[in-house]
Amino acid sequence: PEEFGGSDTGPMPTEFVAIGLASCFCLAIAFSARKRDIDPGEIAVDVTPHRAGAEPRHGRYEISVRGSLDQETLEKLVEGAKRVCWVSNTLQTAPEFAYRVEGAASG
């Protein structure tokens, strides 16, 4: 953002998280369709992040799926995608973080 010295010409890191989630979930739907010998047709996945109050994190992601398949088939594919989407599964059960800091040698 410009208020932090940027030029506001690219995505924020948090936007990349939403982009990755949308992309992975779309791929998971296509994978779920192929497993069932279904042509997935056209699929669109949108992710809307919602901030967790005043905290510096997202508290909820809303995933919207649209497609050319009928409602019932698309819902079944979404259920299958929930099981195999790496990004949504990672976000639903937060991973541990280990931080390593390596400064320049003193002296």
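Described in the following lines is the structure provided in the data block.

What counts and what doesn't
- Residues numbered from 1 in each chain as written.
- Predicted model: local features only at pLDDT ≥ 70, side-chain atom pairs only at ≥ 80, totals over all residues.
- Heavy atoms only, no water.
- Helix = DSSP H or I, 4+ residues; strand = E, 2+ residues; numbered from the N terminus.
- Rg over C-alpha atoms; globule rule 2.2 N^0.38 Å.
- Contact = heavy atoms within 4.5 Å.
- Areas by Shrake-Rupley, 256 points an atom, 1.4 Å probe, with all protein chains shown as cover.
- Salt bridge = Lys/Arg side-chain N within 4 Å of Asp/Glu carboxyl O.

This next bit is on the overall build of the chain. Scanning the chain from N- to C-terminus turns up 3 helices and 2 strands. Expected size for 107 residues packed as a compact globule is a radius of gyration near 13 Å; at 18 Å, the chain overshoots this value by more than 25%. With respect to the principal axes defined by its C-alpha atoms, the chain has extents near 65 × 30 × 25 Å. Once local pairs closer than 6 in sequence are excluded, the contacts in the chain between residues at least 24 apart make up 51%. Split by element, the accessible area of the chain, about 8300 Å² in all, is 53% carbon and sulfur.

Next up on the list: the pattern of salt bridges. Once the charged atoms of two side chains with opposite charge are near each other, the side chains can pair. All chains considered together, the criterion is met by 6 salt bridges. Between Glu79 and Lys82 there is a salt bridge, and its shortest N-O distance comes to 2.9 Å. In this pair, Glu79 and Lys82 are both assigned in helix 2 (residues 71-84), 3 residues apart and thus about one turn of the helix distant. For Arg100, the salt bridge goes to Glu102, with nearest N and O atoms at 3.8 Å.

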